[in-house]
Amino acid sequence: MTEDAGTASRRAVLAGTGAAGVTAVLTGCQTYGVATPAPAAPVAPAATGTAGPTAAAGDGGAAEPAAAPALARLADIPVGGGRIFAEQGVVLTQPTAGTVKAFSAKCTHAGCTVTSVADGTIVCACHNSRFDITDGSVRGGPAGSPLPAAAVTVDGDAVRLT
Ligand code: FES
């Protein structure tokens, strides 16, 4: 059996439309109400007058493991607010100056990625759940459990997940 050029052409158009539709849906999911932050620039280690940890040749010792790259600079996280890192699935908040908290960005109600941080709360716009920026506890909406905390360290201006 052979197919005519018109059938093949229609299939190509339908396949292309399907791919475009999927792309549109995926794009919509990726940008749903979340401002994608610019990636944080790598944070240079503080100048100490040394070249950093190195293993001396022949000493048999292992070099210290390198610190995880910084997710953000402290100055990039608003005091009394926070910032969503949708790609990493985490929200960083700074309830008070110099105190950084990290929480899962996945809403505990139905799994949407949270969408904003406002008025001391992390907001999920899917069904309007709100979570406290200090401990992730539920402050409103249908969510029944807090956002799970994540481990985070602040080293100078560098904020790292650990
Ligand atoms: S999924 Fe977040 S409020 Fe429903």
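Only a predicted model underlies this, so the values are computations on that prediction, with no experimental measurement involved.

**Q** I'm lost on the overall build of the chain in this one. Help?
**A** The secondary structure content of the chain amounts to one helix and eleven strands. Taken from the N to the C terminus, the helices and strands of the chain come in the order α-β-β-β-β-β-β-β-β-β-β-β. Sequence separation of at least 24 residues holds for 42% of the intrachain contacts in the chain that already meet a minimum separation of 6. With an accessible surface of roughly 9,700 Å², the chain has 59% of that area assigned to carbon and sulfur atoms.

**Q** Any chance you could explain the environment of leucine 147 here in plain terms?
**A** Secondary-structure assignment places leucine 147 in the loop between strand 8 (138–140) and strand 9 (149–150). A relative accessible area of 2% means that leucine 147 is categorised as buried. Sequence spacing of leucine 147 and histidine 109 is 38 residues, and the spatial spacing of their C-alpha atoms is 9.6 Å. Once residues lying within four places of it in the same chain are set aside, the contact partners of leucine 147 are Phe103, Ser104, Lys106, Cys107, Thr108, Ile122, Phe131, Asp135 and Gly136.

**Q** I keep staring at the nonpolar core and nothing clicks. Help me out?
**A** With twelve residues, the main nonpolar core is built from Ile84, Val91, Phe103, Ala105, Cys107, Val114, Ile122, Cys124, Phe131, Ile133, Ala143 and Leu147. Counting residues in hydrophobic clusters, the runner-up holds ten residues, among them Ala72, Ile77, Leu92 and Val100.

**Q** Hey, could you run me through the side chain of threonine 115 in this one?
**A** Along the chain, the position of threonine 115 falls in the loop between strand 4 (99–104) and strand 5 (116–118). Judged by relative accessible area, which is 8%, threonine 115 ranks as buried. Within the structure, threonine 115 has its side chain in polar contact with the backbone nitrogen of alanine 125 (distance 3.1 Å).

**Q** How do you make sense of the side chain of arginine 160 when you look at a structure like this?
**A** Mapped onto the elements, arginine 160 comes out in strand 11 (residues 158–161). Among the residues examined, arginine 160 registers a relative accessible area of 14% and is labelled buried. In terms of polar contacts, arginine 160 uses its side chain to reach the backbone carbonyl oxygen of alanine 68, at 2.3 Å. Apart from residues no more than four positions distant in its own chain, arginine 160 is found in contact with Ala67, Ala68, Pro69, Ala70, Leu71, Ala151, Val152, Thr153 and Asp155.

**Q** What should I look at first to understand unusual backbone geometry in this one?
**A** A negative phi angle is the norm for most residues apart from glycine, just as the trans form is the norm for most peptide bonds. Not every positive phi belongs to a glycine, and aspartate 119 is a case in point at roughly 55°. Position of aspartate 119 relative to the elements: it lies in the loop between strand 5 and strand 6 (121–124). Looking at aspartate 119, the relative accessible area reads 70%, which means it is exposed. One non-glycine residue, asparagine 128, lies in positive phi territory at about 65°. With a relative accessible area of 44%, asparagine 128 lands in the partly exposed category.

**Q** Could you clarify how one ought to interpret the sheet that holds strand 2 (residues 81–85) in this entry?
**A** Hydrogen bonds between backbone groups are what pair the strands of a sheet, and the pairing can be parallel or antiparallel. Taken together, the four strands give an open sheet; going across it, the order is 2-3-4-9, and neighbouring strands pair in antiparallel fashion. On the outer flanks of this sheet lie strand 2 and strand 9, each paired with one strand and no other. One ladder, built from five bridges, connects strand 2 with strand 3 (residues 90–96); its direction is antiparallel. Among the inter-strand pairings, isoleucine 84 is bridged to a residue of strand 3, identified as valine 91.

**Q** Explain the state of the cysteines to me, please; I cannot follow it from the model alone.
**A** Counted by the stated rule, this structure contains one disulfide. The disulfide partner of cysteine 112 is cysteine 126, and the S-S distance across this bridge is 1.9 Å. Taking the sign of the S-S torsion, -95° for the link of cysteine 112 and cysteine 126, the bridge is left-handed. With cysteine 112 in the loop between strand 4 and strand 5 and cysteine 126 in the loop between strand 6 and strand 7 (129–132), this residue pair connects regions lying 14 residues apart in the sequence. Residue class for cysteine 112 comes out partly exposed when judged on its relative accessible area of 22%.

Criteria and thresholds
- Residues numbered from 1 in each chain as written.
- Predicted model: local features only at pLDDT ≥ 70, side-chain atom pairs only at ≥ 80, totals over all residues.
- Heavy atoms only, no water.
- Helix = DSSP H or I, 4+ residues; strand = E, 2+ residues; numbered from the N terminus.
- Contact = heavy atoms within 4.5 Å.
- Areas by Shrake-Rupley, 256 points an atom, 1.4 Å probe, with all protein chains shown as cover.
- Buried < 20%, exposed > 50% of the residue type's maximum accessible area, 1.4 Å probe, protein only.
- Core = buried A, V, L, I, M, F, W, Y, C linked by side-chain atoms within 4.5 Å.
- Polar contact = N/O pair within 3.5 Å; in protein donor to acceptor, adjacent residues only side chain to side chain.
- Pairing = 2+ DSSP bridges.
- Disulfide = S-S within 2.5 Å.

Don't take any of this as a statement about function, it's just geometry.
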